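# Geometric and topological summary
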Amino acid sequence: MSEQDALARRTILMSGGSRGIGLAIAVAAGRRGANVVILAKTDQPDPRLPGTVHTAVAEIEQAGGQALAVVGDVRKEEDVERAAAQAVERFGGIDIVVNNASALNLTGTEELSVKRYDLMQQINSRGTFLLFKAALPHLRKSDRARVLTLSPPVTMAPHWLGKFPAYALSKFGMTILTLGWAAEFADAGIAANCLWPETAIKTAAVQNLLGGTDTVDRSRDPEIMADAAVAVLSLPPQRSGETFIDVQILRETGVTDFTRYGGGDDPELDFFVDELS
């Protein structure tokens with residue numbers, strides 16, 4: 001099955017997506033004929049960050065897809081359930097869930113406030129749980145149900161666990177849930193996988209939080225994750241319960257030259273990745 005056939009007329013429910021990697025994935029899916037429902041908080045422009053849920057919908061539709069903006073918070077059960085209901089009302093069902101929304105905080109344990117700790121756990125792992133649970137009755141009805149979570153391979157390496165335990169817990173929680181659903185709902189035909197970048201990705205978070213211009217120059221474009229996401233969502237249902245690195249799945253599709261995605265000759269490795277593959 002081609003990437004176009006895999007996503008054409010399929011309905012995606014995504015958390016976040018008003019900018020960055022999520023937006024790139026949503027636009028790539030729209031280009032292949034998907035319907036994309038975005039649940040995000042950004043209703044009005046923010047001078048510090050580009051894009052809103054409404055500008056995201058405009059970009060998806062310009063790319064050839066159909067889209068629906070749902071203003072809400074992935075931490076709130078009622079907002080998530082409303083997004084799922086509106087997706088079904090507008091497009092007739094839900095075929096794909098993309099767990100994209102995520103909070104990043106690399107503060108060490110002593111300095112990290114409980115409020116910031118709770119925010120990461122609630123958006124990352126709890127939000128992933130809420131979105132999947134709200135979509136589950138509709139995924140069961142789809143003949144090609146998929147879940148894609150943007151989270152890393154789980155590692156017990158001390159040098160990663162010791163860097164930022166709270167953030168690691170929140171991201172590993174997303175992965176464990178997704179791999180768990182792959183096993184729990186295998187008989188229901190729901191394929192669930194995770195995707196993570198090999199390198200830092202050129203987003204507002206990288207620009208604002210992770211080192212400024214130098215890190216941005218060594219970061220790849222969000223399109224590498226968009227192309228990788230499309231590739232994962234196009235896999236046969238037997239490919240479930242895996243955590244992919246973007247370059248790994250792209251190599252499976254025949255891509256061997258990643259220079260077009262930027263990052264220079266010495267790209268910055270992403271978290272939980274120890275070396276360029």
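Here is a short report on the structure shown in this document. All of these numbers come straight from a predicted model, not from anything done at the bench.

## Re helix α4 (residues 77-91)
If you check α4, its first and last C-alpha atoms are 21 Å apart, about what 15 residues at 1.5 Å a residue would give, namely 21 Å. Those residues of α4 not exposed but buried are D79, V80, A83, A84, A87 and F91. All buried residues of α4 lie within an arc of 140° about the axis, which places them on one face of the element. Summarising the geometry of α4, the exposed residues directed more than 90 degrees from the buried face are E78 and E89. Here the buried face of α4 lies against β1 (11-15), β2 (35-40), β3 (66-71) and α5 (114-139). Of the residues trailing α4, G92 is marked for its positive phi of about 90°.

## Here we look at the nonpolar core
Nonpolar side chains in soluble globular proteins tend to end up buried together. If you look at the biggest cluster of nonpolar residues, it comprises 87 residues, and the most contacted ones within it are L139, L195 and F272. Among residues more than four places away in sequence, those in contact with F272 are P152, T155, W160, F164, Y167, A168, F172 and W196.

## Quick notes on the packing of aromatic side chains
Summed over the entire model, instances satisfying the criterion amount to 12 aromatic pairs. Their ring planes at 70° and their centres at 6.5 Å tell us that F271 and F272 sit as a pair that is edge-to-face. With respect to class, F271 is no different from F272; both count as buried. Of the aromatic side chains, those joined through ring pairs into one cluster are W160, F164, Y167, F172, W196, F271 and F272. Cation over ring: K163 sits above W160, and NZ or CZ is 5.6 Å from the ring centre.

What counts, and where the lines are drawn
- Residues numbered from 1 in each chain as written.
- Predicted model: local features only at pLDDT ≥ 70, side-chain atom pairs only at ≥ 80, totals over all residues.
- Heavy atoms only, no water.
- Helix = DSSP H or I, 4+ residues; strand = E, 2+ residues; numbered from the N terminus.
- Expected span 1.5 Å × (residues − 1).
- Buried < 20%, exposed > 50% of the residue type's maximum accessible area, 1.4 Å probe, protein only.
- Arc of directions from axis to C-beta.
- Contact = heavy atoms within 4.5 Å.
- Core = buried A, V, L, I, M, F, W, Y, C linked by side-chain atoms within 4.5 Å.
- Phe/Tyr/Trp six-rings, centres within 6.5 Å; stacked < 30°, edge-to-face > 60°.
- Lys NZ or Arg CZ within 6 Å of the ring centre and 35° of its normal.

From the geometry alone we can't say anything about function, so treat these as descriptive.
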